[in-house]
Each structure stands twice: as structure tokens, then as C-alpha cells.
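# Working through the structure, step by step
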Amino acid sequence: MFFQVLDIIKGTTVDGPGFRTAIYFAGCLHKCPGCHNPQSWDFHAGTEMSLEDLMGIIKEEDFDVTLTGGDPLYNPESIANLAKAIKQTGHTVWLYTGFTIEEIIASPSLSLPLPYIDTIVDGPFILSLRDPDLPFRGSSNQRIITNPSSLL
Ligand code: SF4
């Protein structure tokens, strides 16, 4: 099982509460106008890493973890395995995705990671709804959904 990783930032405070390790996965097809990071759309960008590689880096710090991109949900089975492994360390997992929670819960594939995700920030970035004052999200259509597996 391999992941295409653009970047890993340790100690960020903008991708969820507290100090977190944020992992940026390559690949996104949502193509939101005004996307903060269009270079993340390429599924082949970044570096190929294994589950063991990622867990080794995550365990170097005592931080909670955020999975973002790109959009991690283009690789839902692998992300489910990674999120499960992170949960076993006792840390919380936030996940950012351009899919809406309605699309996710309607899809057996997209919803695979949900049991291991504490919080989802959902939906595409919509430039006309951009609000820099919103904590942890870019536009007001995006929702911060805790315990998303309760919706399954
Ligand atoms: S979902 Fe995120 S990474 Fe993908 S195009 Fe939209 S803003 Fe960019």
C-alpha cells in the first residue's frame, strides 16, 4: 500500500485544533476555482511513501493528525488503513475533502475511512463564499462535522 505525499508539516495549528501533523496527499479532480494549491491536483506529484513510512514520521511527535491535500478521499481504502493506524496511537484524525458529506455517506467506497475519522471538513472551496475569518476552512459552504461515522 503506497501513498503519494506532497508534504508533511509538523506542529501546524491551522488544519484543526491544537498542534497537528498535517499530511498533504497528491491528487484532486474537484478543480475548485481559486484553489489554494493547484499543484496538488497532479496524482503523481510528490513522493511515494508506505504506511510504515508515514506512521514512523507521525510517531516522531505527540501530535494529532490531519489528512489533507489534494483530496485524500481519492484513495479511500489506503486512507482508511492509515487513519485506523493513527487512531491506534490514541490521536485524533481530521480529514479535509472536496466531497460533501452527503456524497461520502452515499458511497460505500468514499465512506470506508469514516469509522476512523474524528472530524471531516467537507465540500469544495467556493470562491464566492470565501471567508478568511472562518476557523479551519476556506469558504462558508464547508462544514466541520464531528464523528461522521454516526451518519452512516
Ligand atoms: S478540493 Fe481542495 S485541493 Fe481540490 S481543487 Fe478544491 S480547494 Fe483545491
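Calculation criteria
Residues numbered from 1 in each chain as written. Predicted model: local features only at pLDDT ≥ 70, side-chain atom pairs only at ≥ 80, totals over all residues. Heavy atoms only, no water. Near = heavy atom within 4 Å. Nonpolar A, V, L, I, M, F, W, Y, C, P; charged D, E, K, R; others polar. Buried < 20%, exposed > 50% of the residue type's maximum accessible area, 1.4 Å probe, protein only. Helix = DSSP H or I, 4+ residues; strand = E, 2+ residues; numbered from the N terminus. Pairing = 2+ DSSP bridges. Axes fitted to C-alpha atoms, helices over the stretch in contact; angles between N-to-C directions. Core = buried A, V, L, I, M, F, W, Y, C linked by side-chain atoms within 4.5 Å. Arc of directions from axis to C-beta. Contact = heavy atoms within 4.5 Å. Left-handed = near helix turned anticlockwise from the far one by under 90°.

### Quick notes on the site of the ligand
- With respect to spatial proximity, the complete set of residues near the ligand consists of C28, H30, K31, C32, C35, S40, W41, G70, G98 and F125.
- In terms of residue class, the shell around the ligand is built from five nonpolar, four polar and one charged.

### Topic: the pairing of strand β4 (residues 64-69)
- Within β4, five of the six residues are buried, leaving the element largely enclosed by the surrounding structure.
- Looking at chain direction, strand β2 (residues 20-25) and β4 are connected through six bridges and run parallel. Across the sheet, the residue bridging to Y24 is T68, located in β4.
- Across three bridges, the pairing between β4 and strand β5 (residues 93-96) is parallel.

### A short note on the sheet that holds β5
- Here seven strands make up an open sheet; going across it, the order is β3-β1-β2-β4-β5-β6-β7 and the pairing mixed. Each edge of the sheet is formed by a strand with only one pairing partner; in this case those strands are β3 (47-50) and β7 (143-146). Pairwise comparison of adjacent strand axes, ignoring direction, gives a mean angle of 30° for this sheet.
- Of the pairings in the sheet, the one linking strand β6 (residues 119-122) to β7 comprises four bridges and is antiparallel in character.

### A look at the nonpolar core
- Counting 27 residues, the largest nonpolar core has F3, I23, F25, L54, L67, L82 and I86 as its most contacted members.
- Every element with two or more residues in this core is listed here: β1 (2-12), β2, α1 (51-58), β4, α2 (76-87), β5 and α3 (101-105).
- Examining the composition of this core, we find that five residues originate from one element, α2, more than from any other.

### Structural notes on α1
- The set of residues buried in α1 consists of L51, L54, M55 and I58. Mapping the buried residues of α1 onto a view down its axis gives an arc of 95°, with all of them on the same face.
- For α1, the secondary structure elements touched by its buried residues are β1, β2, β3, β4 and α2.

### Comments concerning the environment of L112
- Among the structural elements, L112 can be located in the loop between α3 and β6.
- A residue is classified by how much of its surface remains accessible, and L112, at 39% relative accessible area, is partly exposed.
- As for L112 and S78, which are separated by 34 residues in sequence, their C-alpha atoms are 9.3 Å apart.
- Beyond its immediate chain neighbours, meaning those up to four positions away, L112 contacts P76, E77 and A80.

### Regarding the packing of α1 against α2
- Axis separation between α1 and α2 bottoms out at 11 Å; the angle between their running directions is 35°. Here α1 runs over α2; the crossing is right-handed. Here α1 contributes L51, L54, M55 and I58 to the contact with α2, which in turn contributes N81, L82, A85 and I86.
- Here the residues of the contact of α1 with α2 are counted per class, giving seven nonpolar, one polar and no charged.

### Observations concerning the environment of D131
- Its location among the elements puts D131 in the loop between β6 and β7.
- On the basis of relative accessibility, which here comes to 25%, the residue D131 falls in the partly exposed class.
- Separated by 122 residues in the primary sequence, D131 and I9 have C-alpha atoms spaced 23 Å apart.

### Remarks on unusual backbone geometry
- The amide bond that connects G69 to the next residue, G70, takes the cis arrangement and shows omega of 15°.
- One can find G70 in the loop between β4 and α2.
- Phi angles above zero are rare outside glycine, and K31 is one such case at about 50°.
- Position of K31 relative to the elements: it lies in the loop between β2 and β3.

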